[in-house]
Amino acid sequence: MTDMKRINVAVFQKPKKGKYYCGDSYFYLETENEFLCAIADGLGSGEYARESSQIVIDIIRKNMNESIESIIKICNEQLFGKRGVVLGILKINFDSMLYSFSSIGNIGIVTANRNKKKKRNIPSSGYLAGYPRKFKVIQERLEKNMNFIMFSDGVNDKDLSDLDIFGNNVENIIKTFQYKSKPERDDDTTLIAMRYQ
Ligand SMILES: [Mn+2]
């Protein structure tokens, strides 16, 4: 089965300097007709940030088949009284050949296609902390050999401009990031590179 994957994925994650816990959590999974990837960044850093982001990721894992709207609503309800999180979710549907994503707060999503066109999405503002919140879900057509880059705000604009976002090997995209970026991170950092074959 593992050789049959349609999305190749590579990940970099590192806590903020001096911290043991990374406040960012992520999850990705490919099923027969769908792929999902999410990054949650708990506000602040350390253990409580980690607790909130992990709650969100656990919910996503259990509700993978729900729509992005429903997933975000469930996550939000479960965060009442906890540290808030910012969240990005990407879902790719291989049957409809459409992908959808939503980002609340500072989770970046960039797409790059084989015609060297790059698109950076503007996230909805705010964060999830148990209160109703407006957000948008964007849906677009999936193209062959398309790259998706998702990242928490530990990845800065300089890091991003150094990335080989059109690269055809996700492992190399991550390796280049590790090589070019500062080893000491000013914030918890998660970078996920994905490619549709
Ligand atoms: Mn952060």
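The present account deals with the structure reproduced in this document. The structure presented is a predicted model; accordingly, all values stated were derived computationally and were not measured.

### Brief notes about the pairing of strand β10 (residues 189-196)
Okay, step 1: With seven of eight residues buried, β10 lies mostly within the body of the structure.
Okay, step 2: Bridge analysis of strand β1 (residues 7-14) against β10 gives eight bridges, and the strand direction is antiparallel. Directly across from V9, in β10, lies its bridge partner M194.
Okay, step 3: As paired elements, strand β9 (residues 147-151) and β10 share five bridges and run antiparallel to each other. Of the residues in β10, the one forming a bridge with I149 is A193.

### Structural notes on the sheet that holds strand β7 (residues 118-120)
Okay, step 1: Taken together, five strands build an open sheet; the order of strands is β1-β10-β9-β6-β7 and the sheet is antiparallel. Sheet topology places β1 and β7 at the edges, where each strand pairs with a single neighbour. If you compare each strand with its neighbour and ignore which way they point, the axes differ by 15° on average.
Okay, step 2: Running at roughly 20° to β1, helix α4 (residues 170-180) makes contact with β1 and β10 of the sheet.

### Some points on helix α2 (residues 68-78)
The periodicity of an α-helix, 3.6 residues per turn, causes residues three or four positions apart to be oriented the same way.
Okay, step 1: When α2 is considered as a whole, its buried residues turn out to be I68, I71, I72, C75 and N76. Projected down its long axis, α2 carries its buried residues within an arc of 130°, all on one side. Pointing more than 90 degrees away from the buried face of α2 are the exposed residues E69 and S70.
Okay, step 2: Those residues of α2 that are buried are in contact with α1 (47-62), β4 (85-93) and β5 (98-104).

### Observations regarding the nonpolar core
Okay, step 1: Ranked by internal contacts, the top residues of the largest apolar core, which has 44 residues, are A38, L87, L90 and M150.
Okay, step 2: At the level of elements, β3 (34-42), α1, α2, β4, β5, β9, α4 and β10 are the ones that each hand at least two residues to this core.
Okay, step 3: Non-local contacts of M150, meaning those with residues more than four positions away in its chain, are made with C37, I39, G88, L90, I107, G108, I109 and I192.

### As for α1
Okay, step 1: Relative to the 22 Å expected for 16 residues at 1.5 Å per residue, α1 spans 23 Å between its end C-alpha atoms, a close match to the ideal helical length.
Okay, step 2: Of the surrounding elements, those touching the buried residues of α1 are β2 (24-30), β3, α2 and β4.

### So, the sheet that holds β4
Sheet strands pair via backbone hydrogen bonds, and the direction of the pair is either parallel or antiparallel.
Okay, step 1: The antiparallel open sheet is built from five strands, whose spatial order is β2-β3-β4-β5-β8. The open sheet has two edge strands, β2 and β8 (138-141), and neither has a second partner. With strand direction ignored, the average angle separating the axes of adjacent strands in the sheet is 10°.
Okay, step 2: The pairing of β3 with β4 spans nine bridges and is classified as antiparallel. When the sheet's bridge partners are listed, A40 is paired in β4 with L87.
Okay, step 3: Most of the contacts of α2 go to β4, to which it runs at about 155°, and overall it touches β4 and β5.

### Some remarks on the packing of α1 against α2
Okay, step 1: Two numbers describe how α1 lies on α2: the axes approach to 10 Å, and their chain directions differ by 140°. Accordingly, the angle class assigned to the pair α1 and α2 is oblique. When you trace α1 past α2, the crossing you get is right-handed. For the pair formed by α1 and α2, the contact residues are I55, V56, I59 and I60 on the first element and I71, I74, C75 and Q78 on the second.

Conventions used here
Residues numbered from 1 in each chain as written. Predicted model: local features only at pLDDT ≥ 70, side-chain atom pairs only at ≥ 80, totals over all residues. Buried ≥ 20, exposed ≤ 12 C-beta atoms within 10 Å, placed from the backbone. Helix = DSSP H or I, 4+ residues; strand = E, 2+ residues; numbered from the N terminus. Pairing = 2+ DSSP bridges. Axes fitted to C-alpha atoms, helices over the stretch in contact; angles between N-to-C directions. Contact = placed C-beta atoms within 7 Å. Arc of directions from axis to C-beta. Core = buried A, V, L, I, M, F, W, Y, C linked by C-beta atoms within 7 Å. Expected span 1.5 Å × (residues − 1). Parallel < 35°, antiparallel > 145°, perpendicular 65-115°, else oblique. Left-handed = near helix turned anticlockwise from the far one by under 90°.

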